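Below, each chain spelled out in residue letters.
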Amino acid sequence: MRTNNSIKNNWSVIKLGLKDRYPQLSKDDLTYVDGYENEFLHNLELKLGMNREQLTTILFSLVPSERTENA
C-alpha cells in the first residue's frame, strides 16, 4: 500500500520526475521540508494549477514500483 511515506522516502526520484515533466518548477519549489508537507503540496498545487487529488496522483505515479525480485 502506498502512503505519504512513499512520497517522502522516494522524494529524490519523484523530484527528478517532476522536474522533467514540469521544467518551470524551481529548486526551491522542489525542496521537501519534513514537517511542512501541507505547505509544500499547496505551493506545488498553485504552481502547477492542480488540486490536491491531481497532484498526489502524479506524485504517486512517480514512486518507483514496489516489486520484490526473486533471486
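Source: prediction; values computed, not measured.

J.: Talk me through the packing of helix H2 (residues 11-21) against helix H4 (residues 52-61); I want residue IDs and the actual numbers.
T.: Each pair of packed helices can be summarised by the angle the axes make with each other and by the distance between the axes. Direction vectors running N to C along H2 and H4 enclose 115°, while the axes themselves pass 9 Å from each other. Put simply, H2 runs roughly perpendicular to H4. The handedness of the crossing between H2 and H4 comes out as right-handed. Residues Trp11, Ile14, Leu18 and Arg21 of H2 pack against Ile58, Leu59 and Ser61 of H4. For the contact of H2 with H4, the residue count by class is five nonpolar, one polar and one charged.

J.: Outline the packing of aromatic side chains, listing residues and values.
T.: Applying the stated criterion across every chain yields a total of three aromatic pairs. Considering the side-chain rings of Trp11 and Tyr32, the 5.6 Å spacing of their centres and the 35° angle between planes classify their relative orientation as tilted. Here Tyr32 lies in the loop between H2 and helix H3 (37-48) and Trp11 lies in helix H2, a separation of 21 residues in the sequence. With 5.1 Å between their ring centres and 85° between their planes, Trp11 and Phe40 make a pair best called edge-to-face. Pair noted here: Trp11 is in helix H2 and Phe40 is in helix H3, with a separation of 29 residues, a long-range link. For Trp11, a relative accessible area of 8% puts it in the buried group.

J.: Give a detailed account of H4, specifying residues and quantitative values.
T.: Listed in full, the buried residues belonging to H4 are Leu55, Thr56, Ile58 and Leu59. Taken around the axis of H4, the buried residues stretch over an arc of 160°, which confines them to a single face. Turned more than 90 degrees off the buried face of H4, the exposed positions are Glu53 and Thr57. Summarising the contacts, the buried residues of H4 are in contact with helix H1 (4-9), H2 and H3. If you check the start of H4, you find a side-chain oxygen 3.1 Å away from the backbone N of Glu53, and it comes from Asn51.

Rules used in this analysis
- Residues numbered from 1 in each chain as written.
- Predicted model: local features only at pLDDT ≥ 70, side-chain atom pairs only at ≥ 80, totals over all residues.
- Heavy atoms only, no water.
- Axes fitted to C-alpha atoms, helices over the stretch in contact; angles between N-to-C directions.
- Helix = DSSP H or I, 4+ residues; strand = E, 2+ residues; numbered from the N terminus.
- Parallel < 35°, antiparallel > 145°, perpendicular 65-115°, else oblique.
- Left-handed = near helix turned anticlockwise from the far one by under 90°.
- Contact = heavy atoms within 4.5 Å.
- Nonpolar A, V, L, I, M, F, W, Y, C, P; charged D, E, K, R; others polar.
- Phe/Tyr/Trp six-rings, centres within 6.5 Å; stacked < 30°, edge-to-face > 60°.
- Buried < 20%, exposed > 50% of the residue type's maximum accessible area, 1.4 Å probe, protein only.
- Arc of directions from axis to C-beta.
- Polar contact = N/O pair within 3.5 Å; in protein donor to acceptor, adjacent residues only side chain to side chain.

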